[in-house]
Amino acid sequence: MKISPLTRWHPAVIWSTWFWSGLSPKAPGTMGSLAALPVGYVIFLYFGPIVLAVATVFVFFSGWWSCHIYVRETGTSDPGEVVIDEVAGLWIALLVTGGDLILTLAAFLFFRLFDIWKPWPIRWLDHHVKGAFGVMIDDILAGIFAAAAVLLLAQLAFFKIN
């Protein structure tokens, strides 16, 4: 790994680590997801799913930018402390919860399950798509899988999603 000119205060570090939550020594992906959860939930509750979707697209593209800088400057390929990908993936899963607290918790749990387990094709993307886009894209798919699981749970448990 090369020595990086990045500091904790560099915008790419702050954003890539989701305001340093990814710097947690234990379970940085889970910590980043936990840090993203209340922000996504509040956006959904107060501004609605369309604004959360727009915010998710913004996080994806700005995360791609910050990841590019982070991996280039640190010489790493998919550093654990980079959790902006978890933010975008989790927010995708939150889009289908209707703001329901139980479904929001389920979205978090399903997202972490798919992000850690990485079933096909998430695992394929994780292993074959490199660079900043590769960092981001497998979590986007994990978020889509989690959203599908939340919708299935809602149907099976007779939740009414607004």
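Refer to the structure presented above.
Quick look at the overall build of the chain now. Counting secondary structure elements, the chain contains 7 helices and 0 strands. Traced from its N-terminal end to its C-terminal end, the chain shows the element sequence α-α-α-α-α-α-α. On C-alpha atoms alone, the chain measures out to a radius of gyration of 15 Å, which is about the 15 Å that the 2.2 N^0.38 rule sets for 162 residues. Taken over the C-alpha atoms alone, the chain extends approximately 55 × 35 × 25 Å along its principal axes.

Once that is clear, we can look at the side chain of T74. Here T74 is to be found in helix α3 (residues 49-74). A polar contact of 2.7 Å, which involves the side chain of T74, links it to the side chain of T76.

Next up on the list: the pattern of salt bridges. By the definition in use, this model includes 5 salt bridges. Where E73 meets R72, a salt bridge forms, and the shortest distance between an N and an O atom there is 2.9 Å. One salt bridge connects R112 with D115, and the closest N-O pair in it is separated by 2.6 Å. Here the residue R112 and the residue D115 both occupy positions in helix α5 (residues 101-117), the gap between them amounting to 3 residues, near one helical turn. Its relative accessible area of 10% is what places R112 among the buried residues. Residues participating in the shared-partner salt-bridge network are E86, R112, D115, K118 and D138.

Next up on the list: the nonpolar core. By size, the foremost hydrophobic cluster in this structure holds 47 residues, and its most contacted members are W18, I84, L90 and W91. Those elements that provide at least two residues to this core are α1 (11-16), α2 (28-47), α3, α4 (84-94), α5, α6 (122-128) and α7 (131-156). Residue contributions to this core peak at 12 residues, all from α7. Not counting the four nearest positions on each side in its chain, W18 is found in contact with G32, A35, A36, V39, V83, I84, V87 and W91.

Below, the discussion takes up the packing of aromatic side chains. By the definition in use, this model includes 14 aromatic pairs. Taken together through their ring pairs, the aromatic side chains of W15, W18, F19, F58 and W91 make up a single cluster.

Quick notes on the rules
Residues numbered from 1 in each chain as written. Predicted model: local features only at pLDDT ≥ 70, side-chain atom pairs only at ≥ 80, totals over all residues. Heavy atoms only, no water. Helix = DSSP H or I, 4+ residues; strand = E, 2+ residues; numbered from the N terminus. Rg over C-alpha atoms; globule rule 2.2 N^0.38 Å. Polar contact = N/O pair within 3.5 Å; in protein donor to acceptor, adjacent residues only side chain to side chain. Salt bridge = Lys/Arg side-chain N within 4 Å of Asp/Glu carboxyl O. Buried < 20%, exposed > 50% of the residue type's maximum accessible area, 1.4 Å probe, protein only. Core = buried A, V, L, I, M, F, W, Y, C linked by side-chain atoms within 4.5 Å. Contact = heavy atoms within 4.5 Å. Phe/Tyr/Trp six-rings, centres within 6.5 Å; stacked < 30°, edge-to-face > 60°.

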